[in-house]
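Chain residues, written in single-letter form:
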Amino acid sequence: MKPAVKVAITGAAGNIAYSLIFQIASGNMLGKDQPVILQLIEIPPALGALEGVVMELEDCAFPLVKGIVATSDINVGFDDIDYAMLVGARPRSKGMERKDLLLGNAEIFSAQGKALNAVAKRDVKVLVVGNPANTNALITMHNAPDIAPTQFTAMTRLDHQRTLSQLSTKLELDHTRIHQVAIWGNHSATQYPDVFHTLVDDQPVIEQLDMDWIEKALIPDVQTRGAAIINARGASSAASAAVAAALHMHDWALNSAQPDDWVSMGIKSNGDYGIDDDLIFSFPLVCRDGEYDVVKGLEINDFSEQRIRLTEKELIEERDAIRHLL
Ligand code: NDP
């Protein structure tokens, strides 16, 4: 048996965590041979609900779970961790301005960055799910100067999976035959799902799609899918977000199920494709051996360039609103 790794999850009594924790415990994220110690973090008012989640976890008697910590102290929850799943975030309340949401979360994530810097392993892999995820990840990274910037990521994997699913329905093909989908930019309504480089088996897919469908159906449907789920379900996506979070960390830590296929992750920009290098921006990446590389040298047409610049602009505005916390 491998030694256990420590996985912290914030917002551990919330909806996404209610699915995510059980995926991690059953080995779906880090492998069926990887024991885990779960370090579950909640704000004090939610500790009672977290106790119930812990009881359910205990009742499953998962063979891979070697320990459970439930706490509201982030210095305890992040102690010596290998993985951080930052799911908890202040929700948007009625009448709240976008700037207030950014600021409220900025304070939470700056404190979490400091705590990670103080007590987590130096090679901790951090995934921010709580919205606004890209900017929350940027704040976390800036507040953890002793951990390499490559270790801070934001989730755009659900958007990536949604794009695969839309293509698979449109083309009436199994989605495992579809490769090289990309999500660029912010996890928000400005994100840009790019199918200009997408292959079915090894053939370009763009020849089978019309621009009208891409512009009027695919892109807006992916961008607004979260709202459509809220309308239908009366609650936001939780299980699919949890699956995407587990896939993101799985592929980063252990490689994609389809080696060398692209994944989309918000990472610190290195200036590739001319993107401002102080942003957490989603790029197409290939994961290998616990690391990732941006797919380089793609030809970006005017249609894509315009949309990539728009989502970059939004992220710069978000960063400007919380500049004092960087
Ligand atoms: P969820 O578990 O449903 O969502 C958690 C976060 O994930 C939200 O910010 C949500 O954004 C975001 N998210 C990112 N991608 C997606 C997606 N594709 N679909 C849906 N959500 C997505 O929220 P709950 O309110 O159920 O749980 C949050 C928990 O966090 C609560 O238990 C609360 O106590 C805790 N919390 C922790 C804080 C902290 O750590 N300091 C602060 C505040 C709360 P969006 O809101 O845009 O849907």
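Residues numbered from 1 in each chain as written. Predicted model: local features only at pLDDT ≥ 70, side-chain atom pairs only at ≥ 80, totals over all residues. Heavy atoms only, no water.

(A) Looking closely at the site of the ligand. Contacts to the ligand come from 21 residues, most closely from Asn15, Glu42, Val129, Asn131 and Ser237. Between the ligand and glutamine 112 there is a distance of 3.4 Å, counted from an oxygen atom to a side-chain nitrogen or oxygen. Serine 237 places a side-chain nitrogen or oxygen 2.7 Å from a nitrogen atom of the ligand. Surface burial for the ligand is 77%, taken as the share of its 910 Å² of free accessible area covered by protein chains. Those elements that provide at least two residues to the shell around the ligand are helix 1 (15-25) and helix 4 (98-119). Split into classes, the residues belonging to the shell around the ligand amount to ten nonpolar, nine polar and two charged. Built from parts of two domains, the shell around the ligand gets at least three residues from each of domain 1 (5-154) and domain 2 (157-321). (Near = heavy atom within 4 Å. Polar contact = N/O pair within 3.5 Å; in protein donor to acceptor, adjacent residues only side chain to side chain. Areas by Shrake-Rupley, 256 points an atom, 1.4 Å probe, with all protein chains shown as cover. Helix = DSSP H or I, 4+ residues; strand = E, 2+ residues; numbered from the N terminus. Nonpolar A, V, L, I, M, F, W, Y, C, P; charged D, E, K, R; others polar. Domains from an automatic or database assignment.)

(B) Spatial organisation of the domain arrangement of the chain. Per the domain assignment, the segments of the chain are domain 1 (5-154) and domain 2 (157-321). Taking only C-alpha atoms, the centre of domain 1 and the centre of domain 2 are 23 Å apart. Every contact between the two is made by 34 residues of domain 1 and, on the other side, 33 residues of domain 2. Both sides together, the interface formed by domain 1 and domain 2 hides about 2,500 Å², and carbon and sulfur atoms give 66% of it. Along the contact surface separating domain 1 from domain 2 lie nine residue pairs in polar contact (both at pLDDT 80 or more). Sorting the residues of the side of domain 1 that touches domain 2 by element identifies helix 1, strand 4 (83-86), helix 4, strand 5 (125-128), helix 5 (133-142) and strand 6 (152-155) as the ones contributing at least two each. Counting residues per element, the side of domain 1 that touches domain 2 draws most heavily on helix 5, at six residues. (Contact = heavy atoms within 4.5 Å. Buried area = accessible area lost by both parts, 1.4 Å probe.)

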